[in-house]
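Observations on the model geometry
The chain contents come next:
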Amino acid sequence: MADLQLRSRHHLGIEGLTLLEVNALLDKAEEAVAVSRQVEKKRATLRGRTQINLFFENSTRTQSSFEIAGKRLGADVMNMSVATSSVKKGETLIDTAITLNAMRPDIIVVRHAQAGAVHLLARKVDCSVVNAGDGAHEHPTQALLDALTIRRNRGHVEGLTVAICGDVLHSRVARSNILLLSLLGARVRVVAPSTLLPSGIERMGVEVHRGMHSGLRDADVVMCLRLQRERMHGGFVPSTREYFQFFGLDEAKLSLAKPDALVMHPGPMNRGVEIGSAVADGAQSLIREQVEMGVAVRMAVLEALAQHLPNA
Amino acid sequence: MYAGVMTAPPLALVNARLIDPQAGTAVPGGVLVQDGVIAACGTDVTAAGLSEATRLVDCRGDVVAPGLIDIGAFVGEPGAEYRETIATATAAAAAGGVTSILARPDTSPPVDDPAVVDFLLRRARDTGRVRILPCAALTKGLRGEEVAEIGLLLQAGAVAFSEGGRTLRNARVLRRAMLYARDFDALTIHATQDPDLAADGVMNEGELASRLGLPGIPREAEVIALERDMRIVALTGARYHAACVTTAESLKIIARAKEEGLQVTCSTSINHLTLNENDIGDYRTFLKLSPPLRSEDDRLALCEGVATGLVDCIHSDHVPQDVEVKRLPFAEAGAGAIGLETMLSASLRLVTAAHVALPTLLRAMTSRPAEILRLPQGRLAVGAPADLIRFDPDEPYVVDPAALRSRCRNTPFDEARLEGRVKLTLVAGAVAFEAG
């Protein structure tokens, strides 16, 4: 694979990455796609290295994606399920970090429910840390896989109009995508009811739309966000049926976008809430491809970080 | 510590730059202290003509001013001695030039019983280096339901009433409590943050919170609560002090209330005057405060308010927090910062930045809180208690958290460059702190 140097030892967010670094990561991920499609998928880049997946929030798909990515690069991957660990018994995040650090891992992949928690942990360990999602802050590998998916289907990201629809307020996927797609030169729109938009979002360089009609018009890409179950009933929107009526992506609303617009969703989907089944499984949907690109992008990130590891 | 001062020998601070915050003047001169009070002060107090027994302190041109009166600090006792004690809080205060501390009532048990007021005063007498003024609970158990024994608490020695950092949800309870307090001419100090609007917010709402992915607290949480309180002040005629205003909009409300003749005053914290939300940076939990740090525009408006006197007081908002509650993800971390020891030097940043003149700045931490709390100290006047400080406002230093005297180290001025170190602190004429 091509040579790639990241400036940081950690991969904590899209914020702080340069356009050069992003393009290099995407190029490297393209190579990883090819590797993953071969019969012999194993590489030796991370041979002898230990990767710990530390997930304070359950996420089957992201955790398995990181696990497969690490294993394809030859790392020994350990999954730490927090539900059965001492963290549930009151051990603090920092104590957990210090304990794991003493086991001399090379890379720790962390998912945590609180914004900034992964940064906090990264300051306390000697190895590289990858952010697999921290609260409503960032989920950088998700944004990278989305960008890769778009690039492979359109050849470029620059100049495209991308509509990010749904619960932007609580979404780390939205934040990382806003940063990344803007960096790559896309025109980014957020489309949501006002109760699901963060304050000051317009100053992040996005167009704000409160309805799907204006938000989806002539869009090249429509990206749906998951609406958490606990936010569906009265807290932020009155009901799922009302939400689907106005913001659920069905065929009628999709027809407002460009005829060949790409449909994406970070998963897991709430069918009939933010997206209708006909669209989710339709010809324009790239949702399965996104999952494949997830493994490739994570391989690229892990490999790039490996260059910072001692004795590399 | 300031009990047996009647026997202390006279002490003269000469060759000083005397700052009289009430008059707003800075003149060369000296202060003669005898029997715990200021016996003489002015240009005519010099080294000449003093009695043999008088201890002479040549101030070499340093500032001598009344000691600071901090109208809002948490001193740990009773119930949170692992975070702070009166001994450690007053040691920090003395080193920082604070000679009177209004102690918050949200302790465990809360200060809602005359016996707890008495306990605080006795602990202060036995272990404190500076004066502790108990602020008692406005409602029983700080539950926000029934009015506390305001009369008995006053008799025991409480000087004001508040709910600590909490804001009463129930306007009827606040109305009753203030109506009752008015009959005793008691001062109500109230935090103004609507708990429902603030909800689970952890920093100022806006672009920065959105970028960090942290839930925000809108300025309106403060503005709405403050506006409501102004109506209740008008309704009851009580004396009211807004505990910590943080937004430019709040100042407009205070200005209007003062114009209408309501007995309203307000404080802001040293943190809100010298820091803003950007200082949170990469999720620095030492900057997590309640109310939260606001924008630079708000900070500048507060500085302007201090200069015009619209902001009556500056308080330390001293909230010691154990390292364990600060070494957590930002949203889970405890709020608050220590401030007693650094309040004076941090506030001098406002002078350096030319926002406010030194006498005006000191007024907000001396004579103005004294007027509001109806205390005899905080003034440079013959007969006033000799609570005095000497400091060089230009002496630079770097804040070393390990050297701070508070039991906790959660200072937002960690490693900050500040100017103005206290060299001598007198409480009732006795030395409470002297730089080594």
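My aim in this report is to walk through the structure given alongside it, one point at a time. All of these numbers come straight from a predicted model, not from anything done at the bench. (Residues numbered from 1 in each chain as written. Chains lettered and ligands numbered in written order. Predicted model: local features only at pLDDT ≥ 70, side-chain atom pairs only at ≥ 80, totals over all residues. Heavy atoms only, no water.)

**Things to note about the overall build of chain A**
Along its length, chain A carries 11 helices and nine strands. Here the C-alpha radius of gyration of chain A, 19 Å, is about what a compact globule of 312 residues would show, namely 20 Å. Along the first, second and third principal axes, the C-alpha set of chain A runs to 55 × 45 × 35 Å. Out of the 312 residues in chain A, the part that is buried amounts to 59%. Look at the contacts in chain A between residues 6 or more apart in sequence, and 74% of them connect residues 24 or more apart. Separation between the mean location of the 37 positive side-chain charges and that of the 33 negative ones in chain A comes to 3 Å. (Helix = DSSP H or I, 4+ residues; strand = E, 2+ residues; numbered from the N terminus. Rg over C-alpha atoms; globule rule 2.2 N^0.38 Å. Buried < 20%, exposed > 50% of the residue type's maximum accessible area, 1.4 Å probe, protein only. Contact = heavy atoms within 4.5 Å. Lys, Arg positive; Asp, Glu negative; His and termini not counted. Charge placed at Lys NZ, Arg CZ, Asp CG, Glu CD.)

**Remarks on the overall build of chain B**
Across its full length, chain B carries 14 helices and 18 strands. The C-alpha radius of gyration of chain B comes to 21 Å, within 12% of the 22 Å expected for a compact globule of 436 residues. Principal axes of the C-alpha set define a box for chain B whose edges measure 65 × 45 × 45 Å. Here chain B holds 436 residues, and the buried ones make up 61% of them. Excluding contacts between residues fewer than 6 apart, the proportion of contacts in chain B whose partners are at least 24 apart in sequence is 74%. For chain B, the exposed surface amounts to about 15,700 Å²; the carbon and sulfur share of it is 50%. Distance from the positive charge centre (44 side chains) to the negative charge centre (56 side chains) of chain B: 2 Å. (Areas by Shrake-Rupley, 256 points an atom, 1.4 Å probe, with all protein chains shown as cover.)

**Digging into unusual backbone geometry**
Of note, the amide linkage connecting A:G267 to A:P268 takes the cis form, showing an omega dihedral of -10°. Residue position: A:P268 is located in the loop between strand 9 (262–264) and helix 10 (277–280). Note that the residue after B:S108, namely B:P109, is joined by a cis bond; omega there is 0°. Here B:P109 is to be found in the loop between strand 7 (98–103) and helix 2 (114–127). Not every positive phi belongs to a glycine, and B:A354 is a case in point at roughly 65°. Relative to the helices and strands, B:A354 is located in the loop between helix 12 (343–352) and helix 13 (358–363).

**So, the sheet that holds strand 15 (residues 313–315) of chain B**
All names here are of chain B. Spatially, the eight strands line up as an open sheet ordered 6-7-8-9-10-13-14-15, and their pairing is parallel. Edge positions in the sheet fall to strand 6 (68–73) and strand 15, since each has one partner strand and no second. Between one strand axis and the next, the sheet turns through 30° on average, direction left out of account. Relative to strand 15, strand 14 (residues 264–269) runs parallel, the two sharing three bridges. Directly across from T268, in strand 15, lies its bridge partner I314. (Pairing = 2+ DSSP bridges. Axes fitted to C-alpha atoms, helices over the stretch in contact; angles between N-to-C directions.)

**Comments concerning the pairing of strand 18 (residues 430–434) of chain B**
Residue and element names in this part refer to chain B. As paired strands, strand 17 (residues 417–427) and strand 18 are joined by four bridges and run antiparallel to one another. Paired with V427 across the strands is A430, a residue of strand 18. Between strand 17 and strand 18, which pair antiparallel and follow one another directly, the connecting turn spans two residues, one of which, A428, has a positive phi of 50°.

**Things to note about the interface of chain B and chain A**
Contacts between the two partners involve 17 residues from chain B, matched on the other side by 22 residues from chain A. Of the roughly 1,600 Å² buried at the junction of chain B and chain A (both faces included), carbon and sulfur atoms supply 53%. Contact with chain A buries surface across chain B, with B:S210, B:R211 and B:R327 losing the most and accounting together for 35% of the total. At the junction of chain B with chain A, the criterion picks out two salt bridges. The shortest N-O distance in the salt bridge between A:D95 and B:R327 comes to 4.0 Å. For the pair chain B and chain A, the interface holds six residue pairs in polar contact (both at pLDDT 80 or more). Residues of the side of chain B that touches chain A, tallied by class, amount to seven nonpolar, three polar and seven charged. (Buried area = accessible area lost by both parts, 1.4 Å probe. Salt bridge = Lys/Arg side-chain N within 4 Å of Asp/Glu carboxyl O. Polar contact = N/O pair within 3.5 Å; in protein donor to acceptor, adjacent residues only side chain to side chain. Nonpolar A, V, L, I, M, F, W, Y, C, P; charged D, E, K, R; others polar.)

**Some remarks on the packing of aromatic side chains**
For any two aromatic rings, the description comes down to two numbers: the centre-to-centre distance and the angle of the planes. Under the criterion given, the structure shown has two aromatic pairs over all chains. Aromatic pair A:Y243 and A:F247: ring centres 5.8 Å apart, planes at 25°, arrangement stacked. With a gap of four residues between them, A:Y243 and A:F247 both fall in helix 8 (residues 240–247), about one helical turn apart. Classification of A:Y243 as buried rests on a relative accessible area of 2%. Judged by centre distance (5.4 Å) and plane angle (55°), the ring pair of B:Y180 and B:F184 falls under tilted. Look at B:Y180 and you get partly exposed, because its relative accessible area is 39%. Stacked on the ring of A:F66, the Lys or Arg A:R298 has its end atom at 5.0 Å from the ring centre. Lying over the aromatic face of B:F330, B:K288 brings its terminal NZ or CZ to 5.9 Å of the ring centre. (Phe/Tyr/Trp six-rings, centres within 6.5 Å; stacked < 30°, edge-to-face > 60°. Lys NZ or Arg CZ within 6 Å of the ring centre and 35° of its normal.)

Purely geometric numbers; function is a separate question.
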